[in-house]
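Chain residues, written in single-letter form:
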Amino acid sequence: MGQNGNVTRMSPRQKMINLMYIVLTAMLALNVSSDVLNGFSLVEGGLVRTNENVSDRNTALYLKLEDFTKKNPQKGRVWYEKATDVRLKTMKLYAYIDSLKLAIVKDVDGENADVENIVEKDNLEASSKIMITYRNGVKLKAKMAEYSKYISQFVTDTAKCRTIVKALSTEPIVLKDSQMVRVPWEIGMFENMPVVAAVTLLTKIQKEVLFAEGDALSALIT
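Values in this document were obtained by computation on a predicted structure and should not be read as measured data.

## What about a negative patch on the surface?
Phase 1: Taken together, the side chains of Glu 52, Asp 56, Asp 114 and Glu 116 define an acidic patch exposed on the protein surface.
Phase 2: Note on placement: Asp 56 falls in helix 1 (residues 12–71).
Phase 3: The exposed category is assigned to Asp 56, whose relative accessible area is 53%.

Shown next, in the form of structure tokens:
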């Protein structure tokens, strides 16, 4: 409105400038979003490499105990059997988490989805659907609690045991924008989470599982 209450008409040039400003703002928002998504992809790649290294280390520990048992069957058999059970339970949980990652990516990219090459990285619905609506988050929470309790019994170092329990904790999460609201673990982790972020979080959980396995195997060797 003008000073006398009249409608101020914008010139074609002003309209064009305003339109360009709106487009530029949208482009900047998209660039920020893209940077964040690419950041998650970089973190995911780093976690995958870490998991491979930790898995190789754990395999070496297991083979060391296997070799000891071959040379000293009476002394080593009971510990080797426990280590074998640790490996099997770890692999089972790790594979289950892999299946969740694939399910989330398939929900947006289709049957030919590739977790290592996600197309719809920014989709906010798939993670909520797979992990919350389909209650896979609740199932994962139960499996992690069971694994944490199981693996902790082999770790005699109390400090390491506390670290394992904390790393695998599925306690309710306080929302970032509130100091009071606590939500179930699966909601705090996966609700409205971009696909690439959800996959990264699941890969991080796999990392904690592998580190826990390594601590258990080291304790069994000792």
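More follows now that the structure is in view.
## A look at unusual backbone geometry
Phase 1: Despite not being glycine, Arg 135 has its phi angle at roughly 65°, a positive value.
Phase 2: Tracing the backbone shows Arg 135 in the loop between helix 3 (126–133) and helix 4 (136–152).
Phase 3: Its identity is not glycine, yet Asn 192 carries a phi of approximately 55°, on the positive side.

## Side note on the nonpolar core
Phase 1: Membership of the largest hydrophobic core comes to 43 residues, with the highest contact counts inside it found for Val 86, Ile 104, Met 131, Leu 140, Ile 151, Leu 202 and Ile 205.
Phase 2: Broken down by secondary-structure element, the contributors of at least two residues to this core are helix 1, helix 2 (73–109), helix 3, helix 4, helix 5 (158–167), helix 6 (185–190) and helix 7 (195–221).
Phase 3: Ignoring sequence-local partners within four residues, the contact set of Met 131 consists of Leu 100, Ile 104, Asn 136, Gly 137, Val 138, Leu 140, Phe 190 and Leu 202.

## Let's talk about the environment of Gly 188
Phase 1: Among the structural elements, Gly 188 can be located in helix 6.
Phase 2: For the pair Gly 188 and Val 174, spaced 14 residues apart in sequence, the C-alpha separation works out to 7.6 Å.
Phase 3: Residues contacting Gly 188, with those up to four places away along its chain left out, are Ile 173 and Val 183.

## Brief notes about the confidence of the model for the protein
Caution is warranted with low-pLDDT regions, since their predicted coordinates should not be read in detail.
Phase 1: The predicted model of the protein has a mean per-residue pLDDT of 87, with 82% of residues at 70 or higher.
Phase 2: Confidence over residues 24–32 falls short of pLDDT 50; this stretch has zero contacts with residues more than four positions distant or in other chains.

## Topic: a nonpolar patch on the surface
Phase 1: A surface patch of nonpolar side chains, amounting to about 290 Å² of accessible area, comprises Leu 175, Met 180 and Val 181.
Phase 2: When you line up the elements, Leu 175 lands in the loop between strand 1 (173–174) and strand 2 (182–183).

## Remarks on a positive patch on the surface
Phase 1: A surface patch of like charges, here positive, comprises Lys 92, Arg 135, Lys 139 and Lys 143.
Phase 2: Its place among the elements puts Lys 143 in helix 4.

## Here's the deal with the pattern of salt bridges
Phase 1: Scanning the entire structure with this criterion turns up nine salt bridges.
Phase 2: Of the charged contacts, one joins Asp 85 and Lys 89 as a salt bridge, the two residues approaching to 3.2 Å between their closest N and O atoms. In this pair, Asp 85 and Lys 89 are both assigned in helix 2, four residues apart and thus about one turn of the helix distant.
Phase 3: Since its relative accessible area comes to 28%, Asp 85 is described here as partly exposed.
Phase 4: The exposure class of Lys 89 is partly exposed, given its relative accessible area of 35%.
Phase 5: As a salt-bridge pair, Lys 106 and Glu 111 come within 3.4 Å of each other at their nearest N and O atoms.
Phase 6: A relative accessible area of 30% means that Lys 106 is categorised as partly exposed.
Phase 7: Residues joined by salt bridges that share partners form a network here, namely Lys 204, Lys 207 and Glu 208.

Thresholds applied
Residues numbered from 1 in each chain as written. Predicted model: local features only at pLDDT ≥ 70, side-chain atom pairs only at ≥ 80, totals over all residues. Heavy atoms only, no water. Patch = residues over 30% accessible without salt bridge, like charges linked within 9 Å, V, L, I, M, F, W, Y side chains within 5 Å. Areas by Shrake-Rupley, 256 points an atom, 1.4 Å probe, with all protein chains shown as cover. Salt bridge = Lys/Arg side-chain N within 4 Å of Asp/Glu carboxyl O. Lys, Arg positive; Asp, Glu negative; His and termini not counted. Charge placed at Lys NZ, Arg CZ, Asp CG, Glu CD. Helix = DSSP H or I, 4+ residues; strand = E, 2+ residues; numbered from the N terminus. Buried < 20%, exposed > 50% of the residue type's maximum accessible area, 1.4 Å probe, protein only. Core = buried A, V, L, I, M, F, W, Y, C linked by side-chain atoms within 4.5 Å. Contact = heavy atoms within 4.5 Å. pLDDT = per-residue confidence, 0-100.

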